[in-house]
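Listed below, chain by chain, are the residues.
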Amino acid sequence: MDIQARHNFKGESMSNELSIDWKGRPCKPNKHGGMRAAVFALGVQAFEIMAIAAVGNNLISYVFNEMHFSLSKSANVVTNFIGTVFLLSLLGGFLSDSYLGCFWTMMIFGFVELSGFILLSVQAHVPQLRPPQCNMLTEGGACVEAEGFKSLIFFVALYLVALGSGCVKPNMIAHGADQFSKEDPEQSKKLSTYFNLAYFSFCVGELIALTVLVWVQTKSGMDVGFGVSAAAMAMGLISLISGTLFYRNKPPRGSILTPIAQVFVAAIVKRRQVCPSHSEMIHGGSGHSVNSSLNGAQARKLPHADKFRFLDKACIKSEDESHKKESPWRLCTVGQVEQVKIILSVIPIFACTIIFNTLLAQLQTFSVQQGSAMNTSLTKSFQIPPASLQSIPYMMLIFFVPLYETAVVPLLRKFTGKESGITPLQRIGFGLFLATFSMVAAALVESKRRNFANESNRTLSIFWIAPQFVIFGLSEMLTAVGLIEFFYKQSLEGMQSFLTAMTYCSYSFGFYLSSLLVSLVNKITSSSRGGGWLSYNDLNKDRLDLFYWILAGLSIINCFNYLFWSRWYSQNSSPSPTPSDEEEQQSFSSSKHISAENIP
């Protein structure tokens, strides 16, 4: 579908969302979209999460035991890998919204991810591609670390997986949510339910990965485990292709970054612009509809927000050239300006979840090693793989998520009057607060485990570290789902995947911050007598418990920071960009709009 066709889609009903089927034809409500189509996207998510979680959650054991990296270096390899996965989600969101669309972005990069899993399996299977076998726990100093070609193969395979998964992740969520029209009140109400189902799908994938797939890795070897991850990814691609005939597809709208840059450039160029004496000097104002997408594909009325008022001058026409057509780098529409304000407004909320994901990084690295130093025996003949401990919260959440949707939400709805029970911002806040107690539990248990090991040479049961996973699982259900729902509902047409990708960037920055904190703590706590708190390959010598207390302190400080910014957002935000039918019937001039008296 060409650009002119996009502008003329559905005739003069410009408030309707633009969506096409797989042949580029207008979608039919009774044939395309809805939960029937979203199920296929949920299938992709379950299988992709299954594949990547089986690798990421047990990767530290492979890097430490097979590639012979030190414990702290192994932890950083894992956090850098996972951080890169989520950072690359920005690339996936940008390519989807600007050029490829959700479906083709997932198809192309799904096969990239699949190739990475296959290469990892080959490397784990061929002895010549790994260093000689050596027990890092007993012979750590004598073990040869992987380097040269062996290291290159490993990191190429690992970052093929990172590139593929990073570009697929934001589009799975956005593509599923796109199946529900924001303009249809009934379908719009189902969005919150879809996000809960998406998290349920995530939990199912994680649970299978952390039980069945990790058990396969432990018993049959990492080569077979990586191969099973490749098979799971292949099933995800099959699920994606199977829904082709039912999808509502949002076509790409060209670069989404250029119009954003234009607002900033125009605001800087016109920073000395005199306030206009009449509304005709406002480009896109004075009773006219305001483009809701950054490239003007649709029209939607956006009320003027008082925050970031320095950007308002970007839409003021120059008085001496009011009769001439100005460059888009000097003159932007009111809609463009208000959309950039929305993007800037959500950044503080996004930033407050970075510490939360730094805590998550510990559960996938040090907590796994913590479990390795404990008694893993369930029976005389069966031992629990330490990485499988992360399945505990997902076992619980598989039951709790449907309970939350069917019982908790209706109960909260009676008190709040909101369709989702509580707002996404409230949900994020509760989750961030709960996460603090996960690190408190982790610190107390590690202190007890270390004392038992050093003073009486005894080992605690691995189930002692279950509470920290359970608490964080509940926290993640609240925070992760709330954040994705919040960002998607704030997003504008043509930017759903990109803004959804921003939620994954929080994971990225959180894992990178974890790597930085580990290095920083080691450097600060090192002395002439020895290394820092996390510099040994033996947790009985390390002070992991003190590191957990630092994270608990950072988490509680972050909670207060979030309270400030969420209150600021609630007090200063404009109404949702999705208008009601009543709002659609009002003229732009009757809403609060940019005029001479409210431009500084």
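Here is what the cut-offs are and how they apply
- Residues numbered from 1 in each chain as written.
- Predicted model: local features only at pLDDT ≥ 70, side-chain atom pairs only at ≥ 80, totals over all residues.
- Heavy atoms only, no water.
- Helix = DSSP H or I, 4+ residues; strand = E, 2+ residues; numbered from the N terminus.
- Buried < 20%, exposed > 50% of the residue type's maximum accessible area, 1.4 Å probe, protein only.
- Contact = heavy atoms within 4.5 Å.
- Axes fitted to C-alpha atoms, helices over the stretch in contact; angles between N-to-C directions.
- Parallel < 35°, antiparallel > 145°, perpendicular 65-115°, else oblique.
- Nonpolar A, V, L, I, M, F, W, Y, C, P; charged D, E, K, R; others polar.
- Patch = residues over 30% accessible without salt bridge, like charges linked within 9 Å, V, L, I, M, F, W, Y side chains within 5 Å.
- Areas by Shrake-Rupley, 256 points an atom, 1.4 Å probe, with all protein chains shown as cover.
- Salt bridge = Lys/Arg side-chain N within 4 Å of Asp/Glu carboxyl O.
- Expected span 1.5 Å × (residues − 1).
- Lys, Arg positive; Asp, Glu negative; His and termini not counted.
- Charge placed at Lys NZ, Arg CZ, Asp CG, Glu CD.
- Phe/Tyr/Trp six-rings, centres within 6.5 Å; stacked < 30°, edge-to-face > 60°.
- Left-handed = near helix turned anticlockwise from the far one by under 90°.

Enquirer: Teacher, can you tell me more about the overall build of the protein here?
Expert: Of the regular secondary structure elements, the protein holds 20 helices and zero strands. In the protein, which comprises 600 residues, the share counted as buried stands at 56%. A fraction of 83% describes how many contacts in the protein between residues 6 or more apart in sequence connect residues 24 or more apart.

Enquirer: I'm lost on the packing of helix 4 (residues 71-87) against helix 5 (residues 89-100) in this one. Help?
Expert: Between two packed helices, both the angle of their axes relative to each other and the distance between the axes serve to describe the pair. Where helix 4 meets helix 5, the axes come as close as 4 Å, and the angle between the chain directions of the two elements is 15°. Considering the angle they form, helix 4 stands roughly parallel to helix 5. Here helix 4 contributes Val-85, Phe-86 and Leu-87 to the contact with helix 5, which in turn contributes Ser-89, Leu-90 and Leu-91. A per-class count over the contact of helix 4 with helix 5 returns five nonpolar, one polar and no charged.

Enquirer: Would you mind showing me how to read the environment of Lys-523 here?
Expert: Position of Lys-523 relative to the elements: it lies in helix 18 (residues 496-525). Separated by eleven residues in sequence, Lys-523 and Leu-534 place their C-alpha atoms 9.6 Å apart.

Enquirer: Hey, could you run me through a nonpolar patch on the surface in this one?
Expert: Taken together, the side chains of Phe-433, Phe-437, Ile-556, Ile-557, Phe-560 and Leu-563 define a hydrophobic patch exposed on the protein surface, amounting to about 610 Å² of accessible area. Every element with two or more residues in the nonpolar patch is listed here: helix 16 (424-455) and helix 19 (544-572). Here the nonpolar patch gets four residues from one element, more than from any other, and that element is helix 19. Counting through the fold element by element, Ile-557 comes out in helix 19.

Enquirer: Teacher, can you tell me more about the pattern of salt bridges here?
Expert: Oppositely charged side chains can pair when the atoms bearing their charge come close. A complete count under the given rule lists eight salt bridges for this structure. Among the ionic pairs, Lys-169 bridges to Glu-48, the shortest N-O distance being 3.3 Å. Here the residue Lys-169 occupies a position in helix 8 (residues 148-177), and Glu-48 occupies one in helix 2 (residues 34-56), the gap between them amounting to 121 residues. Relative accessible area serves as the criterion here: at 5%, Lys-169 is assigned to the buried category. Measuring nitrogen to oxygen at the nearest pair gives 3.4 Å for the salt bridge that ties Arg-130 to Glu-66. Separated by 64 residues along the polypeptide, Arg-130 in the loop between helix 6 (102-125) and helix 7 (136-139) and Glu-66 in the loop between helix 3 (59-65) and helix 4 bring together distant segments of the chain.

Enquirer: What is the right way to read helix 16 from this model?
Expert: An α-helix turns once every 3.6 residues. As a result, residues three or four positions apart point the same way. Given a rise of 1.5 Å per residue, 32 residues ought to cover 46 Å, and the 47 Å separating the end C-alpha atoms of helix 16 matches this to within 8%. At the exit of helix 16 stands Asn-457, carrying a positive phi of roughly 55°.

Enquirer: In this structure, what is going on with a positive patch on the surface? I would like to understand it.
Expert: Taken together, the side chains of Lys-23, Lys-28, Lys-31 and Arg-36 define a basic patch exposed on the protein surface. Its place among the elements puts Arg-36 in helix 2.

Enquirer: Looking at this model, I keep getting lost on the packing of aromatic side chains. Mind explaining?
Expert: Aromatic ring pairs are defined here through the distance separating the ring centres and the angle between the ring planes. Taken as a whole and judged by the stated rule, the model has 22 aromatic pairs. When the ring of Phe-180 is compared with that of Tyr-194, the centres are 5.7 Å apart and the planes differ by 45°; the resulting orientation is tilted. On the criterion of sequence distance, the pair formed by Phe-180 in the loop between helix 8 and helix 9 (185-220) and Tyr-194 in helix 9 is long-range, its members being 14 residues apart. According to the relative accessible area criterion, Phe-180 is buried, its value standing at 2%. When its relative accessible area of 0% is taken as the criterion, Tyr-194 is described as buried. Geometrically, the ring pair formed by Phe-433 and Phe-437 is edge-to-face, given 5.3 Å between the ring centres and 80° between the ring planes. A residue pair is termed a helical-turn pair when its members lie 3 or 4 positions apart in one helix, as Phe-433 and Phe-437 do in helix 16 at four residues. Taken together, Tyr-62, Phe-69, Phe-81, Phe-154, Phe-155, Tyr-159 and Phe-226 form an aromatic cluster joined through their ring pairs.

Enquirer: Got a minute to help me understand the packing of helix 6 against helix 8 in this structure?
Expert: The contact between helix 6 and helix 8 brings their axes to 7 Å, and the two run at 150°. When the axis of helix 6 is compared with that of helix 8, the two are roughly antiparallel. Of the two possible hands of crossing, helix 6 and helix 8 adopt the one that is left-handed. Classifying every residue of the contact of helix 6 with helix 8 by side-chain character gives 19 nonpolar, nine polar and two charged.

Enquirer: Sorry, what's going on with helix 8 here?
Expert: Helix length check: helix 8 (30 residues) gives 44 Å between terminal C-alpha atoms against 44 Å at 1.5 Å per residue, within 8%. Summarising burial for helix 8: 21 of the 30 residues are buried, a large majority.

Scope: geometric values only; no functional claims are made or implied.
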